[in-house]
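In case you want the letters, here they are:
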Amino acid sequence: VAEAGIIESMNQKLRTADKALKKRIVRILGEARVAEAAGPLLELLHETSEWSLRARIIESLGRVGAKEAIPHLVGHLRDEETWVRKATVDALGRL
């Protein structure tokens, strides 16, 4: 129950945090490997144009085992940024 509350709190922070804090929250959600983080991470992935944040989100989606993210990730294999493409390959490999 406590873990669910922490995850929900972090998910809410993703909507209002600055870029640096968003990156930290995304990393923590990925390291926690909690499947409930997949939805908010996917939402943020679609909303951001910042390549380093996209790469971090994609990495975290792979870590949480978000198989539902696969169709959303495939397009990032053609991303203009090398690090986003690398994160996508790694995430798809995990999934």
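Here's a quick rundown of the structure.

Side note on the overall build of the chain
Argument step 1. Each helix and strand in the chain was counted, giving six helices and zero strands.
Argument step 2. Taken over C-alpha atoms, the radius of gyration comes to 12 Å for the chain, in line with the 12 Å a tight globule of 95 residues would show.
Argument step 3. Each principal axis of the C-alpha atoms in the chain carries an extent, and together these give about 40 × 25 × 15 Å.
Argument step 4. For the chain, the residues scored as buried account for 42% of the 95 residues in total.
Argument step 5. Sequence-distant contacts in the chain: of pairs separated by 6 or more residues, those separated by 24 or more amount to 56%.
Argument step 6. Looking at the chain, you have 16 positive and 14 negative side-chain charges, and the mean spots of the two groups are 4 Å apart.

Here's the deal with the packing of helix H4 (residues 51-64) against helix H6 (residues 82-94)
Argument step 1. The geometry of H4 relative to H6 is characterised by a closest axis approach of 8 Å and an angle of 5° between their N-to-C directions. The orientation of H4 relative to H6 falls into the category roughly parallel. Between H4 and H6, the residues in contact are Trp51, Arg54, Ala55, Ile58, Glu59, Gly62 and Arg63 and Trp83, Val84, Ala87, Thr88, Ala91 and Arg94, respectively.
Argument step 2. In terms of residue class, the contact of H4 with H6 is built from seven nonpolar, two polar and four charged.

Some words on the environment of isoleucine 7
Argument step 1. Its location among the elements puts isoleucine 7 in helix H1 (residues 2-16).
Argument step 2. Aside from chain neighbours lying at most four places away, what touches isoleucine 7 is Leu29 and Val34.

Looking at H6
Side chains that are three or four residues apart share a direction in an α-helix, a result of its 3.6 residues per turn.
Argument step 1. An ideal rise of 1.5 Å per residue puts 18 Å on 13 residues; H6 measures up with 19 Å between its terminal C-alpha atoms.
Argument step 2. Packed against the buried residues of H6 are H4 and helix H5 (70-74).

Section: the packing of helix H3 (residues 38-47) against H4
Argument step 1. H4 packs onto H3 with a crossing angle of 155° between their chain directions and a minimal axis gap of 10 Å. Judged on the interaxial angle alone, H4 and H3 are roughly antiparallel. For the pair H3 and H4, the crossing hand works out as left-handed. Listed contacts from H4 to Ala38, Leu41, Leu42, Leu44 and Leu45 of H3 are Leu53, Arg54, Ile57, Ile58, Ser60, Leu61 and Val64.
Argument step 2. Partitioned by chemical class, the residues of the contact of H3 with H4 number ten nonpolar, one polar and one charged.

A closer look at a nonpolar patch on the surface
Argument step 1. A contiguous nonpolar patch, built from Ile70, Val74, Leu77 and Val89 and spanning about 290 Å² of accessible area, is present on the exposed surface.
Argument step 2. Tracing the backbone shows leucine 77 in the loop between H5 and H6.

Structural notes on the environment of isoleucine 28
Argument step 1. The residue isoleucine 28 is located in helix H2 (residues 19-32) in this model.
Argument step 2. Overall, the relative accessible area of 33% leaves isoleucine 28 in the partly exposed class.
Argument step 3. Separated by 18 residues in sequence, isoleucine 28 and methionine 10 place their C-alpha atoms 9.0 Å apart.

Rules behind the numbers
- Residues numbered from 1 in each chain as written.
- Predicted model: local features only at pLDDT ≥ 70, side-chain atom pairs only at ≥ 80, totals over all residues.
- Heavy atoms only, no water.
- Helix = DSSP H or I, 4+ residues; strand = E, 2+ residues; numbered from the N terminus.
- Rg over C-alpha atoms; globule rule 2.2 N^0.38 Å.
- Buried < 20%, exposed > 50% of the residue type's maximum accessible area, 1.4 Å probe, protein only.
- Contact = heavy atoms within 4.5 Å.
- Lys, Arg positive; Asp, Glu negative; His and termini not counted.
- Charge placed at Lys NZ, Arg CZ, Asp CG, Glu CD.
- Axes fitted to C-alpha atoms, helices over the stretch in contact; angles between N-to-C directions.
- Parallel < 35°, antiparallel > 145°, perpendicular 65-115°, else oblique.
- Nonpolar A, V, L, I, M, F, W, Y, C, P; charged D, E, K, R; others polar.
- Expected span 1.5 Å × (residues − 1).
- Left-handed = near helix turned anticlockwise from the far one by under 90°.
- Patch = residues over 30% accessible without salt bridge, like charges linked within 9 Å, V, L, I, M, F, W, Y side chains within 5 Å.
- Areas by Shrake-Rupley, 256 points an atom, 1.4 Å probe, with all protein chains shown as cover.
- Salt bridge = Lys/Arg side-chain N within 4 Å of Asp/Glu carboxyl O.

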